[in-house]
Amino acid sequence: MKQIILIKHLNGAPGLRLFGLGPKCIPVNAIDQLKNLLENQSFWAKGRTKTEIKKMIKNSSCVITLWQKNRLIGFGRATSDCIYRAVLWDIVIVKDQQNSGLGRLLVNSLISTKSIREVEKIYLMTTNSQEFYKTCQFEEIKTQSLLIYKNINN
């Protein structure tokens, strides 16, 4: 495996969000790469615009990216109140790097960030990756239900 660079971005990820910076603070069109990663490697994040992605990043408690040279190969983010609850979002690894341990590295890096590591509970939602998340010490809870309110204004 080629060298992997993990970046724990500053709060709001200004370098990534505003300047498209990647490893070594080099401009690599990171938002375009992230848009393509989400579009091509997920079903839940299709159609997000660059403006929406920038807003999403700005309002996240922590953002982590994984790079192979100047190629974005992984992304994850979380929101947190820093004491009781946190939620992991948009965990994505490119297909040609899946099953290499990078997903676990990404999840472990997220849950060890300052805004997440001391919360009481960390939530995540998944449609088809339950077994992977169980290997990261997450438990499937059958006694709770996921309820969604869809904003009709969107």
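## Some thoughts on the pattern of salt bridges
Here the structure, examined in full by the defined rule, presents eight salt bridges. Among the ionic pairs, Asp96 bridges to Arg71, the shortest N-O distance being 3.1 Å. In this pair, Asp96 sits in the loop between strand S4 (85-93) and helix H4 (102-111) while Arg71 sits in strand S3 (residues 71-80), placing the two residues 25 residues apart along the sequence. For Asp96, a relative accessible area of 52% gives the class exposed. Through salt bridges with shared partners, one network takes in Glu131, Lys134, Glu140 and Lys142.

## Re the environment of Lys134
By secondary structure assignment, the location of Lys134 is in helix H5 (residues 130-135). Expressed as a C-alpha distance, the spacing of Lys134 and Leu72, which sit 62 residues apart in the sequence, is 25 Å.

## Let's talk about the pairing of S4
For S4, the tally of buried residues reaches seven of nine residues, placing the bulk of the element in the interior. Note that S3 and S4 share six bridges and pair antiparallel. The partner of Ser80 across the bridge, within S4, is Ala86. With antiparallel pairing between neighbouring strands as the criterion, S3 and S4 make up a hairpin whose turn holds four residues, including Cys82 at a positive phi of roughly 70 degrees.

## Considerations on the environment of Tyr84
Relative to the assigned elements, Tyr84 resides in the loop between S3 and S4. A relative accessible area of 47% places Tyr84 in the partly exposed class. Non-local contacts of Tyr84, meaning those with residues more than four positions away in its chain, are made with Val119, Glu120 and Lys121.

## Describing unusual backbone geometry
Even without being glycine, Lys69 reaches a positive phi, approximately 55 degrees. Along the chain, Lys69 falls in the loop between strand S2 (62-68) and S3. Phi angles above zero are rare outside glycine, and Asp90 is one such case at about 50 degrees. Tracing the sequence through the fold places Asp90 in strand S4.

## Quick notes on the sheet that holds S2
Strand order in the open sheet made by the five strands is S1-S2-S3-S4-S5, with mixed pairing throughout. The two strands at the open ends of the sheet, each matched to only one other strand, are strand S1 (5-8) and strand S5 (121-123). Across the sheet, the axes of successive neighbouring strands diverge by a mean angle of 20 degrees, strand direction being ignored. Two elements, S4 and S5, share three bridges in a ladder whose sense is parallel.

Cut-offs applied
- Residues numbered from 1 in each chain as written.
- Predicted model: local features only at pLDDT ≥ 70, side-chain atom pairs only at ≥ 80, totals over all residues.
- Heavy atoms only, no water.
- Salt bridge = Lys/Arg side-chain N within 4 Å of Asp/Glu carboxyl O.
- Helix = DSSP H or I, 4+ residues; strand = E, 2+ residues; numbered from the N terminus.
- Buried < 20%, exposed > 50% of the residue type's maximum accessible area, 1.4 Å probe, protein only.
- Pairing = 2+ DSSP bridges.
- Contact = heavy atoms within 4.5 Å.
- Axes fitted to C-alpha atoms, helices over the stretch in contact; angles between N-to-C directions.

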